[in-house]
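# Geometric and topological summary
What follows is the residue order along each chain.
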Amino acid sequence: MTQSLHPAAEKGFSAAAALYQQARPSYPAEISAWLQQRLNLGPQDALLDLGAGTGKFLPCLKAVSANITAAEPVPEMLQQLRLAHPEVKAVQAFSSALPLPSQSVRAVFCAQSFHWFATAETLAEIHRILQQDGNLVLIWNQRDLRTGWVKALEDLLSPLEGDAPRCRSGQWKQAFEQQPWFKLEEEMTFSQLHHGTVEQVVSKRLLSTSFIAALPQAQQQALKLQFEQAVFARTGKRAQDEIDFPYATHVYVFKKTTEK
């Protein structure tokens, strides 16, 4: 099977790579220590950030190990990653064909990415490169829809997604059904607030969404106004007012099985 990018990812992330790096939230500060303890990671353990995007998850991994490789198929995203983290080894690669030796990696991390390549081919390739005691860790920052204005934004986004994969749908879990490579060991959820102006952490963040970034500029600007109007209607905050955007960060830890 020849892997290819979903059109929404190819067009949207190519066009919005700089905005992605600028507007996306980071990850909870406590996640590094939790991963280090939970996976028993050492400072020289080989780690892979797969589907690394612009490198938003790399600070969490750099706090754990100095031996990190980042793999990302979109050239524009990879360029942003290299600018932000020049010391990290970065390769352009698809998840089904990783330029790494067999059993060479202690843990693979997919932060905000696995839903784009949730296939048997991906799992087989990750299984190949992982050491015998290795782990696959999936991480997603998800908007907390229990907050009314956040739910209103999601209602604006959902009709526009088309067939673009989204982590919230849970379809990525189908890749783990009837497969011999991985066993789910633990789930963990962290909470965090992305603080900034409404324009920065709400409207620009939503404009970095793949299927929004792939739209014509005029339509994007119209949506930006809709996003900001939705927030104002429910909070009274305007574009330059500061706000806390609530997120739930979901972590899934899988263990490599010995069966092939």
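Just so you know, these numbers come straight off a predicted model, no measurement behind them.

Bringing the packing of aromatic side chains into the picture now. Taken as a whole and judged by the stated rule, the model has 13 aromatic pairs. With a centroid separation of 6.0 Å and an interplanar angle of 75°, the aromatic rings of W140 and Y252 are classed as edge-to-face. Here W140 is found in strand β5 (residues 130–143), whereas its partner Y252 is found in strand β7 (residues 242–256), with 112 residues between them in sequence. Looking at Y252, the relative accessible area reads 11%, which means it is buried. Pairing F176 with F254 gives two aromatic rings, centres 4.1 Å apart and planes at 10°, and the pair type is stacked. Here the residue F176 occupies a position in the loop between α7 (148–157) and β6 (182–197), and F254 occupies one in strand β7, the gap between them amounting to 78 residues. Each member of the pair, F176 as well as F254, carries the same accessibility label: buried.

It is worth spelling out the packing of α7 against helix α10 (residues 217–235) at this point. At a minimum axis distance of 9 Å, the contact between α7 and α10 shows a crossing angle of 155°. With respect to each other, α7 and α10 are oriented roughly antiparallel. Viewed along their axes, α7 and α10 form a crossing whose handedness is right-handed. Listed contacts from α10 to G148, W149, A152, L153, L156 and L157 of α7 are Q226, F227, A230, V231, R234 and T235. Classifying every residue of the contact of α7 with α10 gives eight nonpolar, three polar and one charged.

Geometrically, a packed helix pair is captured by the angle between its two axes and the distance between the axes. Packing of helix α8 (residues 198–207) against α10 leaves a shortest axis separation of 9 Å and a crossing angle of 135°. By the criterion of interaxial angle, the relationship of α8 to α10 is oblique. As α8 packs across α10, the resulting crossing turns out to be right-handed. For the pair α8 and α10, the contacting residues are V198, E199, V202, S203, L206 and L207 in the first and Q220, K224, F227, E228 and V231 in the second. For the contact of α8 with α10, the residue count by class is six nonpolar, two polar and three charged.

Here the focus is the pattern of salt bridges. Enumeration over the complete set of coordinates arrives at 10 salt bridges. The salt bridge involving E186 is made with R38; its shortest N-O contact spans 2.3 Å. Of this pair, E186 sits in strand β6 while R38 is found in helix α3 (residues 31–39), placing the two residues 148 residues apart along the sequence. By relative accessible area, E186 is classed as partly exposed at 25%. According to the relative accessible area criterion, R38 is partly exposed, its value standing at 26%. One continuous salt-bridge network, built from bridges that share partners, spans R38, E185 and E186.

Right, let's talk about the sheet that holds strand β3 (residues 89–91) for a bit. Taking strand neighbours across the sheet as the criterion, the seven strands line up as β3-β2-β1-β4-β5-β7-β6 in an open arrangement whose pairing is mixed. Every interior strand has two partners, whereas the edge strands, β3 and β6, have only one. Between one strand axis and the next, the sheet turns by 20° as a mean value, whatever way the strands run. Relative to β7, β5 runs antiparallel, the two being bridged by nine bridges. Looking at β7, one finds that I139 is bridged to V251.

Conventions and cut-offs
- Residues numbered from 1 in each chain as written.
- Predicted model: local features only at pLDDT ≥ 70, side-chain atom pairs only at ≥ 80, totals over all residues.
- Heavy atoms only, no water.
- Phe/Tyr/Trp six-rings, centres within 6.5 Å; stacked < 30°, edge-to-face > 60°.
- Helix = DSSP H or I, 4+ residues; strand = E, 2+ residues; numbered from the N terminus.
- Buried < 20%, exposed > 50% of the residue type's maximum accessible area, 1.4 Å probe, protein only.
- Axes fitted to C-alpha atoms, helices over the stretch in contact; angles between N-to-C directions.
- Parallel < 35°, antiparallel > 145°, perpendicular 65-115°, else oblique.
- Left-handed = near helix turned anticlockwise from the far one by under 90°.
- Contact = heavy atoms within 4.5 Å.
- Nonpolar A, V, L, I, M, F, W, Y, C, P; charged D, E, K, R; others polar.
- Salt bridge = Lys/Arg side-chain N within 4 Å of Asp/Glu carboxyl O.
- Pairing = 2+ DSSP bridges.

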